[in-house]
Amino acid sequence: MVIECKHVWDHISGYLDGTLPAEVLEQVQTHLEHCEICSAILDSTRNVLILTLDERVFELPLGFSERLHARLEAEIRAIAPAPSGSERKRFYGKEGKSQGTR
Amino acid sequence: MTGTTDNRNEAQIIASILAGNTHEFHDLIRPHERSVYVMALSLLHNEADAEDAAQEAFLKAFRNLANFRGESKFSTWLISITLNEARSRLRSKKTMKMESLDEPPEGQGHVSPALLRDWREIPSEVLERQEFRLLLQQAITDLPLIYREIFLLRDVEELSVDESAEVLGITVASVKVRLHRARIMLQKKLVPQLKRDNPKRRWFPWL
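Residues numbered from 1 in each chain as written. Chains lettered and ligands numbered in written order. Predicted model: local features only at pLDDT ≥ 70, side-chain atom pairs only at ≥ 80, totals over all residues.

**Q** Requested: an account of the overall build of chain A, with residues and values cited.
**A** On a plain count of helices and strands, chain A comes out with five helices and zero strands. Traced from its N-terminal end to its C-terminal end, chain A shows the element sequence α-α-α-α-α. Burial status across chain A gives 18% buried among its 102 residues. Long-range pairs, those at least 24 residues apart, make up 44% of the contacts in chain A with a sequence separation of at least 6. (Helix = DSSP H or I, 4+ residues; strand = E, 2+ residues; numbered from the N terminus. Buried ≥ 20, exposed ≤ 12 C-beta atoms within 10 Å, placed from the backbone. Contact = placed C-beta atoms within 7 Å.)

Spelled out as C-alpha cells, the structure:
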C-alpha cells in the first residue's frame, strides 16, 4: 500500500524510536526511499534529537556543584550527626523545618 | 554505557549510606547533577529557581533515600523527584502565566513538520554557534508543559517510553503521542531558523 507524505509524518517519532508495527514500518520505509521531502524531515528531526543530547546545550552554572554540596553537607550533618563524635549532638525537630526559604 | 556495573555500585553506595555512611551521598549524586539541573531549568525557565529546585530535589532524595526501592533506576527516581519539585513550584507561582497540566483539546493536536530539502550543517558544528544553543534551549522551554515534560524525560534524560509513562503517570500510548508532537514542534521551530542563520550562497541575488 502506498501512503502519502502526511501519513508518514505521523510516524516520524515512532520510526526514530523503532516502535512502529512491521507493516507500517515497511510502508514508511518504502515511502522514504522515494521521497526526498520526508527523508529530510526525518533526518532533521533526528538531528534535533542528537543536538539536544549534546552537553554543550545546557551548561551548569559556575559554582553549581560547590553550592549544592555545601547545602547537602549542612543537611547531612543536621539529620545525622557523625556517629564517631564523642558528644551526642542531636537536632531534634530540625528536619523539614530548616528549609523555610521558599 | 556500563549500566549494570553503575547500578550495582549505586546499590552498594545506597546501602552504605543507609547504614550510616551518610557522607557517601555526595558521591552518589555527582553523576546526576547535570541532568537534575537541566530538568529543573527547562521546566522553570529561570536559572536561580532551577538551581534552588535542583538542590531541593537532592535534599529530598537524601531524606527519602530509605524509600527508594531498586525497582527503578536511581536516576529515574531522582528525575521523578525533580519533576514533582518543579511542578509544585510552577503551581505555586501565582505571577506566572498558568500552564495547564492537562492535554489540550484534541484537534488542536495535529502538528506538521517544517518542510525542507536538506540540512546542510553537521549537527556538532551547529552547536559551536552560541546562538544556536540558546535557540535550542529556548525552543525546548517554549514547548507547552505536557510536551516539554515528555520531551525532557525521553530525549534529554533518556528514560525509556515505559519509564516515562510511569514517572508521568500516563499510558504508554499517551507518551508516544505527546512525544511525537513535541519532537515535530521542535523540528518545525528549529529547522527554519537554521536555514535563515546559514543561508546558502546561491541565494545571494548577484550569484
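From this point on, the discussion continues.
**Q** Please set out the overall build of chain B residue by residue, giving values where relevant.
**A** Scanning chain B from terminus to terminus reveals 10 helices and zero strands. Sequence-ordered secondary structure for chain B, helices as α and strands as β, is α-α-α-α-α-α-α-α-α-α. For chain B, long-range pairs separated by at least 24 residues make up 66% of all intrachain contacts whose partners lie at least 6 apart in sequence.

**Q** Lay out the nonpolar core in plain terms, naming residues and giving numbers.
**A** In terms of nonpolar packing, the biggest core is built from 59 residues, with B:Ala40 and B:Phe58 touching the most fellow members. Setting aside chain neighbours within four positions, we find B:Phe58 in contact with A:Leu68, A:Leu72, B:Ile29 and B:Val36. (Core = buried A, V, L, I, M, F, W, Y, C linked by C-beta atoms within 7 Å.)

**Q** Give me the domain arrangement of chain B: which residues, what numbers.
**A** How large an interface is tends to be reported as the accessible area lost when its parts come together. Residue and element names in this part refer to chain B. Annotation of chain B at the domain level lists domain 1 (3-92) and domain 2 (123-199). Placing a centre on the C-alpha atoms of domain 1 and another on those of domain 2 gives a separation of 22 Å. Each partner contributes to the interface: domain 1 provides 11 residues, whereas domain 2 provides 11 residues. Of all the secondary structure elements, the ones that give two or more residues to the side of domain 1 that touches domain 2 are helix 3 (33-44) and helix 5 (74-92). Ranked by the residues each element gives to the side of domain 1 that touches domain 2, the list is headed by helix 3, at five residues. Of the residues that constitute the side of domain 1 that touches domain 2, the class distribution is five nonpolar, six polar and no charged. (Domains from an automatic or database assignment. Nonpolar A, V, L, I, M, F, W, Y, C, P; charged D, E, K, R; others polar.)

**Q** Let's hear about the interface of chain B and chain A: which residues, and what values?
**A** Contacts between chain B and chain A engage 41 residues on the former and 36 residues on the latter. Among the secondary structure elements, those contributing two or more residues to the side of chain B that touches chain A are helix 2 (25-29), helix 3, helix 4 (47-63), helix 6 (123-126), helix 7 (130-142), helix 8 (145-156) and helix 10 (172-197) of chain B. Sorting elements by how many residues they give to the side of chain B that touches chain A places helix 10 of chain B first, with nine residues. When its residues are assigned to classes, the side of chain B that touches chain A shows 21 nonpolar, nine polar and 11 charged.

**Q** Give a detailed account of the environment of A:Val24, specifying residues and quantitative values.
**A** Looking at the element boundaries, A:Val24 is found in helix 3 (residues 22-34). When the C-alpha atoms of A:Val24 and A:Val8 are compared, they prove to be 9.2 Å apart, with 16 residues separating the residues in sequence.

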